[in-house]
Amino acid sequence: MAKRRNPVRLVVALSIAAVLAIFLIWTSLAGGTPSLQPSQLAGKTGEVGLAGIVVGPVDEAEDESRLEFTLRDIEGEATVPVVYTGSVPDLFKVGREVYVKGKLVDGTFVATPDSLVTKCPSKYAPES
Amino acid sequence: MPELGRAALVAAFGLILYAVVVGSYAAWRGRRRLLDSATNALFAAFAAVGVASLVLLAALARNDFSLDYVARLTSRELPNGYTLAAFWSGQEGSLLLWLFVLTGAASAAVALNRRLVREVLPWTVPIIGGVALFFAFLLVVVASPFDTQAAPADGAGMNPSLQNPYMIAHPPMLYLGYVGLTVPFAFAMAALASRRVDERWIVVTRRWTLAAWTFLGFGVLLGAKWAYEEVGWGGWYAWDPVENAALMPWLVATAFLHSVMVQEKKDMLRVWNVILVAGAFALSLFGTFLTRSGVISSIHSFTQSSIGPFFLGFIAVVAAFSIALIITRLPQLRSKTRMESLVSREAAFLYNNLFLVALALTILWGVIYPLVSEAVRGVAVSVGAPYYDFFAIVFGLPLVLLMGIGPVVAWRRASLRSLARQLAWPTGVALAVGVLLLAGGAGSSPAGLIGYTLGAFVLTTIVLEFVRGTRARKSIGTGGWWPAFSGLVARNRRRYGGYVVHASIVLLLVGAVGIGGFSSSREVRLDRGEAAEVGDYRVVYTGSSEQRGANAQEVRAHLEVFRDGERVGTMEAGKNSYFAEEQTSNEVGIRTDWLRGEDLFVIADRFFADGSVQLDVIVNPLVNLIWLAGLVFVLGAAVAMWPDAREQRRLAQRFAGEGALARA
Amino acid sequence: MLGALLTVACVVFVARPLLRTARTGEEPLEGANPAEQIRVRALERRDRALAALKELEFDHRTGKVSDEDYRALVGPLRREAAEVLRELEHEDRPEREGVKADVHG
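Residues numbered from 1 in each chain as written. Chains lettered and ligands numbered in written order. Predicted model: local features only at pLDDT ≥ 70, side-chain atom pairs only at ≥ 80, totals over all residues.

A word on the overall build of chain A
Each helix and strand counted, chain A has 1 helix and 7 strands in total. Beginning at the N terminus, the succession of helices and strands in chain A can be written as α-β-β-β-β-β-β-β. By residue count, 26% of the 128 residues in chain A fall in the buried class. Across chain A, contacts joining residues at least 24 apart in sequence account for 47% of those joining residues at least 6 apart. (Helix = DSSP H or I, 4+ residues; strand = E, 2+ residues; numbered from the N terminus. Buried ≥ 20, exposed ≤ 12 C-beta atoms within 10 Å, placed from the backbone. Contact = placed C-beta atoms within 7 Å.)

Some points on the overall build of chain C
Broken down by element type, chain C carries 3 helices and 0 strands. Moving toward the C terminus, one meets the helices and strands of chain C in the order α-α-α. For chain C, the residues scored as buried account for 11% of the 105 residues in total.

Examining the packing of helix 8 (residues 165-193) of chain B against helix 9 (residues 200-231) of chain B
Residues and elements named next belong to chain B. Between helix 8 and helix 9, the least distance of the axes is 7 Å, while the angle of their chain directions is 155 degrees. With respect to helix 9, the element helix 8 is oriented roughly antiparallel. Both helix 8 and helix 9 take part in a crossing whose hand is left-handed. Its residues assigned to classes, the contact of helix 8 with helix 9 shows 23 nonpolar, 7 polar and 2 charged. (Axes fitted to C-alpha atoms, helices over the stretch in contact; angles between N-to-C directions. Parallel < 35°, antiparallel > 145°, perpendicular 65-115°, else oblique. Left-handed = near helix turned anticlockwise from the far one by under 90°. Nonpolar A, V, L, I, M, F, W, Y, C, P; charged D, E, K, R; others polar.)

Details of the pairing of strand 5 (residues 552-563) of chain B
All names here are of chain B. Bridge count for strand 4 (residues 537-548) against strand 5 is 11 bridges, and the pairing is antiparallel. Its bridge partner lying in strand 5, Arg 548 is registered against Gln 553. Following strand 4, the chain reverses through 3 residues before pairing antiparallel with strand 5. Note that strand 5 and strand 6 (residues 566-578) share 12 bridges and pair antiparallel. Bridging across to strand 6, His 558 finds its partner in Glu 572. Adjacent in sequence and paired antiparallel, strand 5 and strand 6 are bridged by 2 residues, among which Asp 564 carries a positive phi angle near 50 degrees. (Pairing = 2+ DSSP bridges.)

Examining the sheet that holds strand 3 (residues 531-534) of chain B
All names here are of chain B. Taken together, the 5 strands give an open sheet; going across it, the order is 3-4-5-6-7, and neighbouring strands pair in antiparallel fashion. Each edge of the sheet is formed by a strand with only one pairing partner; in this case those strands are strand 3 and strand 7 (583-587). Neighbouring strand axes in the sheet, compared pairwise and without regard to direction, differ in orientation by 25 degrees on average.

Notes on the pairing of strand 6 (residues 108-111) of chain A
Along any regular strand the residues' side chains alternate between the sheet's two faces. Residue and element names in this part refer to chain A. Residues Phe 109 and Ala 111 line the buried face of strand 6, whereas the alternating positions Thr 108 and Val 110 sit on a face that is not buried. Relative to strand 6, strand 4 (residues 79-85) runs parallel, the two sharing 2 bridges. If you follow Val 83 over to strand 6, its bridge partner there is Val 110. When strand 5 (residues 97-105) meets strand 6, the two strands line up antiparallel, connected through 4 bridges. Within strand 6, the position partnered with Gly 102 by the bridge is Ala 111. Connecting strand 5 to the next strand, strand 6, in antiparallel fashion are 2 residues, including Asp 106 with a positive phi near 50 degrees.

Some remarks on helix 2 (residues 34-61) of chain C
For helix 2 of chain C, which comprises 28 residues, the first-to-last C-alpha distance of 40 Å matches the rise-based estimate of 40 Å (1.5 Å per residue) to within 8%. Just downstream of helix 2 of chain C lies Gly63(C), where phi reads positive at about 90 degrees. (Expected span 1.5 Å × (residues − 1).)

Describing the sheet that holds strand 10 (residues 613-620) of chain B
All names here are of chain B. The strand order across the open sheet built from 4 strands is 2-10-9-8, with neighbouring strands paired in antiparallel fashion. The sheet is open, and its two edges are formed by strand 2 (520-526) and strand 8 (589-593), each paired on a single side. For this sheet, the mean angle separating the axes of adjacent strands, direction not counted, is 15 degrees. Sheet topology places strand 2 next to strand 10; 7 bridges connect them, and they run antiparallel. Residue pairing for strand 10: Val 524 is matched across the bridge by Leu 615.

Details of the confidence of the model for chain C
Residue and element names in this part refer to chain C. Scored by pLDDT, chain C has a mean of 72; 65% of the residues are at 70 or more. Within chain C, helix 2 carries the highest mean pLDDT (82), whereas helix 1 (residues 2-19) carries the lowest (70). A low-confidence stretch, residues 101-105 (pLDDT under 50), is modelled with 1 contact involving residues beyond four sequence positions or located in other chains. (pLDDT = per-residue confidence, 0-100.)

Brief notes about the packing of helix 2 (residues 32-61) of chain B against helix 5 (residues 91-112) of chain B
All names here are of chain B. Here helix 2 crosses helix 5 at 145 degrees, and the two axes come no closer than 9 Å. The crossing of helix 2 and helix 5 is left-handed. Of the residues in helix 5, those touching helix 2 at Thr 39, Leu 42, Phe 43, Ala 45, Phe 46, Val 49, Gly 50, Ala 52, Ser 53 and Leu 56 are Gly 93, Leu 96, Leu 99, Phe 100, Thr 103, Gly 104, Ala 106, Ser 107 and Val 110.

Digging into the environment of Arg118(B)
Structurally, Arg118(B) is set in helix 6 (residues 114-119). In this structure, the C-alpha to C-alpha distance between Arg118(B) and Gly396(B), residues 278 residues apart in sequence, is 42 Å.

Spelled out as structure tokens, the structure:
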């Protein structure tokens, strides 16, 4: 079978290359916000993403829409107190893994309002 | 009773193992009786799995807490419907459902194509058996639903978020989809194994593929509706890995569905098709793996789940097997026909494949990247909606454009002139719509505006297709408009059913852009009697109340709704605190305006001791078009799938000679 | 008890084909018979050509294909369809002869 230069092949190859290029550029530039765990917070200023396991007690302020709880490393002991205002997703519970954005201020993590997210729990994985 | 269940699973495992081993030998050596025996083993395995399933259902119905599974997932207070649905709400039970549907589908597919499998595609039995073997292995060795314990007084109850009709229907729909994809995969690989490159495997599995794809797509939408109502953050799709897990195989299956048409009509894209079907199947396994293994939370918790590593291993085996088969058959597979022009229907299908696969790969990368980053750099990242939204637009909009151009461009080589003539009207309508929307303020979301313009373009081409087709039929027939129309659709079910499905995608687009690009919201704290205003709505908080429900303490804020000054109704939003599960869930208030398709969406964030309430009031325009799209989608797919007696006769005649010739 | 019964039933069901007396003989399955494959491919080509013709007619009638494009395309398609039909006839004839021989021979 004679191998002729087929323009379609060239176009296809170029498109794939272009797509790959967009991929790599995007993920290296904007790709994902670093999500830290409590043990990695020390000394970080500015807004970061914090992930961890919710540890009680969970306090609801009497008169404001404010939640106070502690986040622990997913696989460790380090903890940090968190102060959060805004919507609390359904699946929030002591023992669940959550992700929240905010800043570390004087040893307390002050969360950006409405940034609390619980991972869709794997209802199949054993409760760790 | 659990012993019967366990025994049934062990029996199933043995039977499937037999089917795989003996089936492989029979296919390799060409032994008819051995193959028949292996096939029977597959049928018997289905019966055995059925017995195991009945045992589990019975245990659930009786609240038999001596079964660890029942105790973990149900409680005495749980309503009956949900108790039975607990069959698939946990790991082990869902694996059992998988196996049940798989052995059922395998038996049906083989039984319906008995002669074909026997004479031509013997490897179908061991291959599909191989997949079943994996699940049977998991159920017997690693994750049995029949583990027993000392029965506690009451069970732990079902996760409150799962106590919702959509969440009940969602897993079975997805499994029907995933398992359904196993059938074309098995037939395709069997065809390759027997060194056959004709389209027969495509033809016999066409409706399986279409059905599986429909279930999968509908399942994704059910999940989205659940997320919208239950998780209630105001949105409908969060690009969460578990959502993407089902979307990826659906996208690749979409590509496959379209691409096989080119093989049927032009005998091209053969290599693409086997890669796509294997890819769709592998992604459905991967999706199942993602939602079960805990790998999403952290790559380190991955090994804590017992079945994660097994799944990954199995996916690797499937991938290696498929790749090996495809590569060794590549010379035969390669089409002899060359694509002549970049502007042709063949090319349009090729672009379709490329964009869909690109989108699926992008999503895959978004899901894997955090894990890769953590494993390689030790830095966990989270990939958010902006990444996915960007690529959904970059790849999605061209796909919408293709939906409009594809049906109209000619095969082999399209003349730009006739293309321009065909697309004159759609382009005109699209531009008019675009200008109108721009004037109406839709410019606030440029991507949305483009999306709507393209949507109008596609809808116009679809309407024109129906009109032109009906007119053409009427001109050669003797009947009126309706017989011409119904005859047109009846004679070309795939094409016109497909057009309806395309229309549903446009509806989905319109709805998604509406809620994504043009929604508005406000957060307020209201005392009794105070109001909040969002869009054309005014919401007045009239007070709150509490009551004890079946399994939860329910507190609700009562609201009166005014639109454009007129009172239009009341609604409630609040929280449920579940007793057994010790968890609180948001019960959002949704008021749907059917005429406008928009939702007034209220989340009660917080109830304060002084009687005031913190509310999040959102207006989601056009969101109900998304759900309507789901219904239209199923309708279109049903039309496309509808059995066609004429077509069946033609195909039967084509294949009647086979086998008989062999024996002559 | 029930389990034991079910097991026996399964074993019988599975073993049945093996114990079938060789009425049809220990016939091996036909693998990829080349002659058969060629015929299937030819039938596929025929169906494809006929379907393409039908589609071209329909596209022409609905205005998707212009008159001149139609004239240009219909000739080659018709020729191809005729060619495949001729091929199939040639194949059929020896086969029909073979079957006749079987029946009468």
